[in-house]
Number of protein chains: 2
Amino acid sequence: MQIGGAMSLLVMKFGGTSVATPDRIRRAAKRVGREVANGHDVIVIVSAMAGKTNELVGWVNDTGPFFDAREYDAVVSSGENVTAGLMALTLQEMEIPARSWQGWQVPVQTNSSHGAARITGIPTETMAARFADGMKVAVVAGFQGVSPEGRITTLGRGGSDTTAVAFAAAFGAVRCDIYTDVDGVYTTDPRIVRRARKLDRIAFEEMLELASLGAKVLQTRSVELAMRYKVKLRVLSSFDEYDENAGTLVCGEEEIMESNVVAGVAYARDEAKMTLLGVEDRPGIAAAIFGPLAEAGVNVDMIVQNISEQGHTDMTFSCPVDQVGRAQKAIEDAQAAGGFAYSELLADTDTAKVSVVGIGMRSHAGVAAQMFRALRDEGINIKVITTSEIKISVLIDRKYMELAVQALHDTFDLDKPGAERSVRA
Amino acid sequence: MQIGGAMSLLVMKFGGTSVATPDRIRRAAKRVGREVANGHDVIVIVSAMAGKTNELVGWVNDTGPFFDAREYDAVVSSGENVTAGLMALTLQEMEIPARSWQGWQVPVQTNSSHGAARITGIPTETMAARFADGMKVAVVAGFQGVSPEGRITTLGRGGSDTTAVAFAAAFGAVRCDIYTDVDGVYTTDPRIVRRARKLDRIAFEEMLELASLGAKVLQTRSVELAMRYKVKLRVLSSFDEYDENAGTLVCGEEEIMESNVVAGVAYARDEAKMTLLGVEDRPGIAAAIFGPLAEAGVNVDMIVQNISEQGHTDMTFSCPVDQVGRAQKAIEDAQAAGGFAYSELLADTDTAKVSVVGIGMRSHAGVAAQMFRALRDEGINIKVITTSEIKISVLIDRKYMELAVQALHDTFDLDKPGAERSVRA
């Protein structure tokens, strides 16, 4: 990844709903125009018009059950090319010097993992020269790149976020604004907690924990990339009136003046709790269990191993409810193949996961205790606990999930601006 | 243009109606599969799914009245990319080794005339190496190329025909099959003459005269290119059952055993006859008249200059009826600017053009006489006559046009197979 470029370069990314029609493209172009008027050079990353990628994927699926991922990529990448050209034309109509770039024209270099390619480099010289010549906006088709073999690649669903962050990193952009259909990152899901509050700032690490827990605002990889290259990332709505403090800034924790203790409450509604009883306790047993599960495509989330008694232990893990059958088969097959022995496999499919996330936990004791107390006060039994540096997660009965989210949002005063800075002892 | 490649390579081109749905793509793929089974390597050229290019053009027009032709090309070329990928996937599903190529990947080199670019070269090495490695079908997105500046270009409407012929020339293909929604080239329009007959073969020169006269089966440029590089071009329907002699072969006249006298009867319904009376007869007068007409975008077709009397002459030309106003203004402006003098400008907007075309005319006298006799027998007055080596055209009253076409089709026995070989004296 090369770093260089203009002092005042801004990256702006517009998702599919923000460019779904010619009218919305015009609206997005006006936001770009305002930033140009503010003195910025702008790289605009566009997604396909909403619905177009699904149409293309449908046609690919129509060809048969198995397909060449290289051809899949060649087909589904075309939606972004259309939007890029239309955005450039719309900007030109507003007398803003603009041109479109398809992935291969930059080129956005990727590896050859078609359908889920990773960006390996973005040469900046040619585009930088065009900016130096007076171009004000480069419109780049998101989600796509080109492999070392010269084939078109795509970055996976939501990949345009990653395109945007990669350009911001390569060009040393002052900020990367992600325009989407939500107005920022919230302390929790506003559909569950009416008083959920939009966060002005959130640390990269917190965003990663929230994203993987279900706050699907940004593609996780784009946040990782932003963290690594220290790209200031702002999420904001393309449908609201603009103001300076719109959206949520995802940034390094050093840019968040007050050390948040808890930033938000996340949940995953359909988690199953799987328990293997009477597992022989020997070196390599975890690998013997979770290797076959990974090969079977089971997304194992929490893993808890209880203490050992008389050479045997119990192993608990969670996975999405709809993968329980697959998980059971993988474990039974592994046992049959002599991989390991256990006495019983229990599946509890009526659980949900609730987590509190915050970088402030690192330096504050008592967060876990306060969390458990709040759940106890509501009469909610905790089935499994796991913790990381900045996250505490519990599995509970699914019927209590919304109650738990509400109770945790309350106990950490997340509805009050700035309240997340302190924790009640 | 490089010449080389496999002995048994075939080019097959499918137009928009032939790939309009996944089902039709499958049907087209089966035709490709049959040629592969026959031992051919195949280059398939595809258009966009019917209607898709119009949708894209509509969006471009939505951005505003003026647009950057480079961005127009970037947008409208995307339809062919989709079809190319889907065709490759469909062939793979039939277990035929295939892959798609977008214009820039070949690359199809063109000049920078966006929207109407001309192909300047097609490197064959990479694709030939893939054929040598076992690939059986290369699916190429038609209609598009890449400029020396690395921008995407398009070849103009119908440009996929030209793409197909250019590949056939570059690879020395044994034949270039153009699959479309008509089953070949007819002796005249079957809507006018019920007994119009499909021609098995037609010479390039005849096809050019027929195409420019309104038989819109093949893009004119593709026929010119085929003639220059001696590409055997076959036009056939993708909707009919296949047989060996399907369609019409467009080829060099040396491949047509019998010298056709008349191959077909063409017409242009809405031609206007314009006459300038009393034009001063001096060197340069034709340029003084037709220069301004060309600059005004008037498509002048026939031009006839009568004999001069006392230093003045009459000049007659034809043009499409809807360009009469533009032609009048151009001539009046040129006169006002002192370009030339004339006494009167007459416009007859009730005329049509009827032509007989055939390479056999070169060696057969009497064709014109027979044509004029047939028209006389129907009581049709001839207003203007022009002739070329292989075509005789007349302007007549529009109300007699269908009668004239029928009479000429009859007099040259065009409904009878092989009858076009002789001419009645």
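Residues numbered from 1 in each chain as written. Chains lettered and ligands numbered in written order. Predicted model: local features only at pLDDT ≥ 70, side-chain atom pairs only at ≥ 80, totals over all residues. Heavy atoms only, no water.

### Looking at the overall build of chain A
Defined as follows: In this text, helices come from DSSP runs of H or I with a minimum length of four residues, and strands from runs of E with a minimum of two, each type numbered from the N-terminal end. Radius of gyration: over C-alpha atoms. The globule rule applied is 2.2 Å multiplied by the number of residues raised to the 0.38 power. In this scheme, a residue with accessible area under 20% of its type's maximum is buried, one over 50% is exposed, and one in between is partly exposed, where area comes from a 1.4 Å probe on protein chains only.
Scanning chain A for helices and strands turns up 12 helices and 18 strands. Scaling as 2.2 N^0.38, a compact globule of 425 residues should have a C-alpha radius of gyration of about 22 Å, and chain A matches this with 24 Å. Expressed along its principal axes, the backbone C-alpha trace of chain A runs to roughly 75 × 50 × 35 Å. Burial analysis of chain A (425 residues in total) assigns 56% to the buried set.

### Re the nonpolar core
Within soluble globular proteins, side chains that are nonpolar generally end up buried alongside one another. How we decide: Nonpolar cores are built from buried Ala, Val, Leu, Ile, Met, Phe, Trp, Tyr and Cys residues. Side-chain atoms within 4.5 Å join them into one set. Residue contacts are counted whenever heavy atoms from the two residues lie within 4.5 Å of one another.
One finds Val 11, Ile 43, Met 127, Phe 167, Cys 176 and Leu 218 of chain B to be the most contacted residues of the largest nonpolar core, which totals 46 residues. The element that contributes the greatest number of residues to this core is helix α6 (residues 159-170) of chain B, accounting for seven residues. Once residues lying within four places of it in the same chain are set aside, the contact partners of Phe 167 of chain B are Val 11, Ile 43, Ile 45, Val 106, Val 108, Ile 122, Met 127 and Val 140 of chain B. Counting 45 residues, the second largest nonpolar core, distinct from the first, contains Val 11, Ala 117, Val 140 and Ile 178 of chain A.

### Focus: empty space enclosed by the protein
Here is the rule: With a 1 Å grid spanning the protein atoms alone, the term cavity applies to any set of points in which a 1.4 Å probe fits but cannot get out, the term pocket to an open set with protein on both sides within 12 Å along at least five of seven lines, and the term lining residue to any residue with an atom within 4 Å of a point. Grid points are joined across faces, edges and corners, and a volume is the space filled by probe spheres set on the points. Here the nonpolar group is Ala, Val, Leu, Ile, Met, Phe, Trp, Tyr, Cys and Pro; Asp, Glu, Lys and Arg are the charged ones; every other residue, Gly included, is treated as polar.
Applying the stated criterion across every chain, the model contains seven cavities of 30 Å³ or more. Roughly 190 Å³ of volume is contained in the largest cavity. At the level of elements, α2 (52-62) and α4 (78-93) of chain A together with α2 (52-62) and α4 (78-93) of chain B are the ones that each hand at least two residues to the lining of the largest cavity. Looking at the lining of the largest cavity residue by residue, the class counts come to nine nonpolar, five polar and four charged. Approximately 50 Å³ is the volume found for the second largest cavity. Every residue lining the second largest cavity is listed: Pro 22, Ile 25, Arg 26, Leu 86 and Thr 90 of chain A together with Trp 59, Asp 62 and Thr 63 of chain B. For the lining of the second largest cavity, the leading source of residues is helix α1 (residues 22-37) of chain A, giving three residues.

### Regarding the sheet that holds strand β10 (residues 201-203) of chain B
Residue and element names in this part refer to chain B. Formally: Only strands that DSSP links by at least two bridges are regarded as paired with each other. Here an axis means a line fitted to C-alpha atoms, over the contact stretch when the element is a helix, while the angle between two N-to-C directions is reported on a 0 to 180 degree scale.
As summarised here, the arrangement of the eight strands in space is β3-β6-β2-β1-β9-β11-β12-β10, forming an open sheet in which the pairing is mixed. The outermost strands of the open sheet, each flanked by one partner alone, are β3 (98-101) and β10. Sheet twist, expressed as the average angle between the axes of neighbouring strands with direction ignored, equals 20°. One ladder, built from five bridges, connects strand β2 (residues 41-46) with strand β6 (residues 137-141); its direction is parallel. Note on β6: the bridge partner recorded for Val 46 is Ala 141. In this fold helix α1 (residues 22-37) packs onto β1 (9-14), β2, β6, β9 (175-180) and β11 (233-237), with an angle of close to 170° to the strand it touches most, β1.

### Structural notes on the side chain of Asp 68 of chain B
To be explicit about the condition: Between N or O atoms, a polar contact is any pair within 3.5 Å; within protein, one atom must be a potential hydrogen donor and the other a potential acceptor, and residues adjacent in sequence are included only when both atoms are from side chains.
By the element assignment, Asp 68 of chain B lies in the loop between α2 and α3 (69-76). Classification of Asp 68 of chain B by relative accessible area gives buried; the value is 13%. Here the side chain of Asp 68 of chain B touches Arg 70 of chain B through a polar contact of 2.9 Å, landing on its backbone nitrogen. In contact with Asp 68 of chain B, other than residues within four places in its own chain, are Leu 89 and Gln 92 of chain A.

### What about the UniProt feature "binding site: substrate" (unreviewed entry) in chain A?
Residue and element names in this part refer to chain A. Where we set the bar: UniProt positions are given in the numbering used here, feature names are shortened, and annotations may be inferred rather than shown by experiment.
UniProt records the feature "binding site: substrate" (unreviewed entry) at Thr 53 and Glu 80, using the numbering of this structure. Across 28 residues in sequence, these annotated residues keep their C-alpha atoms within 8.6 Å of one another, forming a single compact spot. Here Thr 53 lies in helix α2. Residue classification places Thr 53 among the buried residues on the basis of a relative accessible area of 13%. Residue contacts for Thr 53: discarding those within four places in its chain leaves Ala 48, Glu 80 and Arg 157. For Glu 80, the location among the structural elements is in helix α4. A relative accessible area of 3% places Glu 80 in the buried class. Setting aside chain neighbours within four positions, we find Glu 80 in contact with Val 46, Ser 47, Ala 48, Thr 53, Ala 141, Gly 142, Phe 143, Gln 144 and Ser 160. Looking at Glu 80, its side chain comes within polar contact range of the main-chain nitrogen of Ala 48, at 3.2 Å.

### Things to note about the pairing of β9 of chain B
Residues and elements named next belong to chain B. The buried count for β9 comes to five of six residues, which makes it a mostly enclosed element. Alignment of β1 against β9, held across five bridges, turns out to be parallel. Bridged to Met 12 within β9 is Asp 177.

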